[in-house]
Amino acid sequence: MEVLAYLIPISLLLGGVGLVAFIYTVRSNQYEDPEGDARRILSDEWDDKPKP
Amino acid sequence: MTVQATPASAACPGCIAAPAEPVRPIPEDVQIALSLPGIHCSACISTVERELNAHPGVEDARVNLTLKRAMVKAAPDTRAVDLIPVLERAGFEAHELDPGALSATQSDKAGRDLLMRLAVAGFASMNVMLLSVSVWSGATDATRDMFHWISAAIALPAIAFSAQPFFTNAWSALRVRRLNMDVPIVLAILLALVTSIWETALSGEHAYFDAALTLTFFLLAGRYLDYRTRAAARSAAEELTALEVPRAIRLVDGTEEEVAVVNLNLGDLVLVRPGGRMPVDGEIVSGQSELDRSLLTGETLPVFAEVGLNVSAGEVNLTGPLTIRATAVGEDTSLHRMADLVAIAESGRSRYTSLADKAAKLYAPGVHILSALSFVGWYIYSGDIRTALNIAAAVLIITCPCALGLAVPAVTTAASGRLFRNGMLIKHATALERLAEVDTVVFDKTGTLTSGAPELTDLGDHSRGDLQVALALAEASSHPLSQALAKAAREAGIKPATLRDVLEVPGYGTEGLFQDQRVRLGRAAWVDGEDDEQTTAWLAIGSRPPLRFAFTDSLRAGATEAVAAFRAAGKDVILISGDTQGAVRALAGKLGIEDWIAQALPQDKAAKVQELSDQGRHVLMVGDGLNDTAALAAAHVSISPASALDAARVASDIVLLGNDLSPIAEACNTAVMATRRIRENFRIATVYNVIAVPLAVAGLATPLIAALAMSTSSITVSLNALRLR
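Criteria and cut-off values
Residues numbered from 1 in each chain as written. Chains lettered and ligands numbered in written order. Predicted model: local features only at pLDDT ≥ 70, side-chain atom pairs only at ≥ 80, totals over all residues. UniProt positions renumbered as here; feature names shortened; annotations may be inferred. Helix = DSSP H or I, 4+ residues; strand = E, 2+ residues; numbered from the N terminus. Contact = placed C-beta atoms within 7 Å. Nonpolar A, V, L, I, M, F, W, Y, C, P; charged D, E, K, R; others polar. Pairing = 2+ DSSP bridges. Axes fitted to C-alpha atoms, helices over the stretch in contact; angles between N-to-C directions. Expected span 1.5 Å × (residues − 1). Buried ≥ 20, exposed ≤ 12 C-beta atoms within 10 Å, placed from the backbone. Core = buried A, V, L, I, M, F, W, Y, C linked by C-beta atoms within 7 Å. Domains from an automatic or database assignment.

Draft legend 1. Layout of the UniProt feature "transmembrane region" (unreviewed entry) in chain A. Those residues carrying the UniProt feature "transmembrane region" (unreviewed entry) are residues 6–26 of chain A in this numbering. Helix makes up 100% of residues 6–26 of chain A and strand 0%, whereas the separation of the span's terminal C-alpha atoms amounts to 30 Å.

Draft legend 2. Structural detail: the interface of chain A and chain B. Between chain A and chain B, the residue contacts involve 21 residues of the former and 22 residues of the latter. Elements with a contribution of two residues or more to the side of chain A that touches chain B: α1 (4–27) and α2 (34–40) of chain A. Looking at the side of chain A that touches chain B, the element that brings in the most residues is α1 of chain A, giving nine residues. Broken down by class, the residue content of the side of chain A that touches chain B amounts to nine nonpolar, six polar and six charged.

Draft legend 3. Inspection of the sheet that holds strand β10 (residues 303–305) of chain B at higher detail. Residue and element names in this part refer to chain B. As summarised here, the arrangement of the three strands in space is β10-β9-β12, forming an open sheet in which the pairing is antiparallel. Two strands bound the open sheet, and with one partner strand each, they are β10 and β12 (316–317). Pairing between strand β9 (residues 289–292) and β10: three bridges, direction antiparallel. Bridged to Ser289 within β10 is Ala305.

Draft legend 4. Focus on the sheet that holds strand β16 (residues 450–456) of chain B. Residues and elements named next belong to chain B. Strand order in the open sheet made by the six strands is β16-β21-β20-β19-β18-β17, with antiparallel pairing throughout. Among the strands making up the open sheet, the edge pair consists of β16 and β17 (500–505). The average angle at which neighbouring strand axes cross in this sheet is 20°, direction not considered. Taken strand by strand, helix α20 (residues 480–491) contacts β16, β20 (535–541) and β21 (547–555), and its axis lies near 60° from that of β16.

Draft legend 5. Main features of α20 of chain B. All names here are of chain B. Between its first and last C-alpha atoms α20 spans 16 Å; for twelve residues at 1.5 Å apiece the expected length is 16 Å, and the two agree. Three or more residues of α20 are buried, namely Pro480, Leu481, Ser482, Ala484, Leu485, Ala486, Ala488 and Ala489. On its buried face, α20 is in contact with β16, α19 (464–474), β20 and β21. Downstream of α20 by one or two residues, Gly493 has phi in the positive range, about 80°.

Draft legend 6. Here's a closer look at the nonpolar core. Residue and element names in this part refer to chain B. Formed by 140 residues in total, the largest nonpolar core has its most connected members in Ala212, Ile397 and Ala407. Inspection of this core shows a minimum of three residues originating in each of domain 2 (109–235 + 358–411 + 674–722) and domain 4 (424–451 + 556–672). Those residues in contact with Ile397 that lie beyond four places of it in its chain are Ala188, Ala192, Tyr208, Ala211, Leu215 and Ala706. Formed by 26 residues, the second largest nonpolar core is a distinct cluster that contains Ala484, Ala489, Trp538 and Phe549.

Spelled out as structure tokens, the structure:
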């Protein structure tokens, strides 16, 4: 059962990373325009280089 | 929208490194918000952004497709008026929005806050559930204790953070000695935590950390759904308000300046151009025109306006520019006085108790009594306070109002989404439930059943030559009657006659010279016609007796279908209008409405609605004018079209976004279905309780059973709600 000593912290850490990533996306307004973002991916503008 | 959140980062990075120049006050960039109702695809997004960014002065333009809006950051002297033609050339309809009225939707702090709590609760409950599953599948002794302690370490801070909305709600209810749905929730969560820690400390078998967290998670999901539905409605309603940018033109020593309506003072001279709406109450000091009062009184006939006439805020100026001296501004205008009528009538709505409240009233005391009884019973039977408390906690958790908390929001979200796609906006939380009970429908006429735009009725009665002259005169004016005449004549293939010296006389009509005879098209008194009840324009050619052109208010699209659908559903349809007998009788006949009232004052409308309510009927009021606001507020539930005045929209529960009236009848069916689903959901939740509660009271419930009962009931309820979509 010693393996638990690694597994539990790892599982908590991975979950925590997900949580932090989610909080980051909320804070940086990434859910303001879900429909637009879904369509923007189809546009070929800025395909060769990112928007400055 | 990232533009607003980080205004500084958009500036050039080189500026920061530049050596300190003498600091000049840099004029601030302006934010312009545009409403783009027509955009729908990725091509639209890129075209709009390209066109806007190509416009000189525009620094950054970003389209939000979900809200159908564009936010533009531009140099200080850029104005929305310059940008709208750019988009119209590219084929997009665009309207300016008042950024001030939009501010609330942009900083959506409450929604983000709930989402964050939901995320934390979800994260914690998944982790704790993993540990709990290991315990249920056979972890014992030290391993079990360690898992319980880790669960406690995750659950305590997570609940302290994410369950805060429930704590505050429950506390505010308890402080005034009342019970709401949140009191049993908080009690269940706290009791579960306390007994679980106690059990863990004594190396006990059952801990309910996972249940406390899942409970929080599901309930927060319900709250969030509820919030989202209302936020979507609020932002759309705000957009309607923002479409009317409250500006007026003030004359100071003969020069025009554009000011916000709130900054107008008593005695100010205000210029109102043709097509503009009166911003304040006042008296005309110069100019002649005609006024459209239909939004205030329901009259379709334009009123002649000349120097000395008193005008009220909200009236629309039709033909000539008018200068008015403000006699009442802001709160004192007749527009605002009407709002007082609304405040008196408001009581009708507050009497309604929502299904959720009714359920909570039955549920909350029941659960507390049941839990207390099992505690007392087990304490007497076993004499062990620990067992008794454990069982009391299990009872509270298993009867958790999880499904109840989701039952209503899940259904209203699904139903509101469906109605929104049909072009209806549900503003009030209980509007759907009230709409389902409607048995009498009261319609306003002007602007509701009719579109408010006139239509020529007797084109065939006139000779071609007369029509050519009439068309030539009509095209020289922007008066609604002229435009309707011109449209009808053009559609009939008439070509305009050649006239000389065509001149519009504001308030009267247009005149010109046709083959050296004077020709006039305008109001009866000016052309020597006879004034009658109907909407008419008269044409005089030389010394011949004047010709009469009759107009009727054209029906709004879907009006016939909506009325027919209501009658087919066995609902009483009543028409109440402030317009003249003749006009109302004609329309009622056309639509097959037997019960109609004409020349009704605003008070009469409200009184009629009140009278119907007192007879025990549930009235749906559909109206748009200021004269309808009191009736809208007095009715059991009310609907107004998007073209209605702000005051009317505020007073109504549902706003119709499109021009078509037919979704109204459909909305009633959706509401009935939604209410049925809500009741079904309550029944499902009750069935789960009926099965699980005896187990809990008997002391047979384990955390596994609690988790199963809770999750399955919540998921069934949500799936049942989704059937509405």
